[in-house]
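Reading the structure
Take a look at the letters that make up each chain.
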Amino acid sequence: MQVIADILLAAGAFGAGFYCFILSRRLKRFSDLEKGVGGAVAVLSAQVEDLTKTVDTARAAAGSSGAELQELTRKSESVAHRLELLIASFQDVAPADEAPVQPPAPPPTPKGKKTPAPGLLFQRNAQGVDEVAP
């Protein structure tokens, strides 16, 4: 009986050793830097670094664009204010005794073409597309 128990114990030890050998081979393949999860983690970490650099660059560009846009907005507001003042001053200066200026007569239109309504800048052509009126 003792001999049978020793044989079974040795068989169990060899079986556990073989199982550990197979597990170690699988673990090596799993953590391989080129094919396994280790490689995937390395690639992902490199992509995260690239993405972080790209985000930092975009953030810096957006900050400088925002500052430039604020400056341009400030300038345009000041120009708009000046234009409002100029328009108001021209309305005050215009003499009342002069006759209003008549717009020049439109050039004759070729036969078959429609004449645009007075004051219109665009007219529709035969295809229904807006074009600049002559």
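Note on numbering: residues in each chain are counted from 1, in written sequence order. Restriction of local features to residues with pLDDT of at least 70 applies here, the model being predicted, together with a cutoff of 80 or more for giving and counting side-chain atom pairs; totals for whole chains, interfaces and linings are based on all residues. No hydrogens and no water enter the side-chain calculation; it runs on all heavy atoms of the structure.

With that out of the way, let us pick up the overall build of the protein chain. Assigned secondary structure in the protein chain consists of two helices and two strands. A run of H or I in DSSP becomes a helix once it reaches four residues, and a run of E becomes a strand once it reaches two; helices and strands are each numbered from the N terminus. Each helix (α) and strand (β) of the protein chain, taken in turn from the N terminus, gives the series α-α-β-β. A 1.4 Å probe rolled over the protein chains alone gives each residue an accessible area, and that area as a share of the maximum for its type sets the label: buried under 20%, exposed over 50%, partly exposed in between. Counting all 134 residues of the protein chain, 4% fall into the buried class. To be clear on the numbers: accessible area is Shrake-Rupley with a 1.4 Å probe, and residue cover counts the displayed protein chains and nothing else. Surface exposure of the protein chain reaches about 12,500 Å², of which carbon and sulfur atoms provide 66%.

Quick look at a nonpolar patch on the surface now. Together, L27, F30, V37 and V41 give the surface a local cluster of nonpolar side chains, amounting to about 380 Å² of exposed area. Of all elements in the fold, only α1 (2-30) and α2 (37-93) reach the threshold of two or more residues within the nonpolar patch. Topologically, L27 is positioned in helix α1. Patch construction takes residues with relative accessible area above 30% that form no salt bridge. Like charges are linked within 9 Å, and nonpolar side chains (Val, Leu, Ile, Met, Phe, Trp, Tyr) are linked within 5 Å. A side-chain nitrogen of Lys or Arg and a carboxyl oxygen of Asp or Glu constitute a salt bridge if their distance falls within 4 Å.

Before going further, it helps to examine the pattern of salt bridges. Proximity of charged atoms lets side chains of opposite charge pair with each other. Within the structure shown, the criterion is met by two salt bridges. Residue D56 pairs with R59 through a salt bridge whose shortest N-O separation is 3.7 Å. Pair noted here: D56 and R59 are both in helix α2, with a separation of three residues, about one helical turn. E71 serves as the salt-bridge partner of R74, at 2.5 Å between the closest nitrogen and oxygen. Placement of the pair is R74 and E71 together in helix α2, with a separation of three residues, close to one helical turn. Taking relative accessible area as the criterion, R74 reaches 48% and is therefore assigned partly exposed.

With that settled, the discussion passes to the confidence of the model for the protein chain. Scored by pLDDT, the protein chain comes out at a mean of 80, with 69% of its residues at no less than 70. On a scale of 0 to 100, pLDDT captures the predictor's confidence in every residue. Strand β2 (residues 130-132) is the least confidently modelled element of the protein chain, averaging 60 in pLDDT, while α1 averages 91, the highest of any element.

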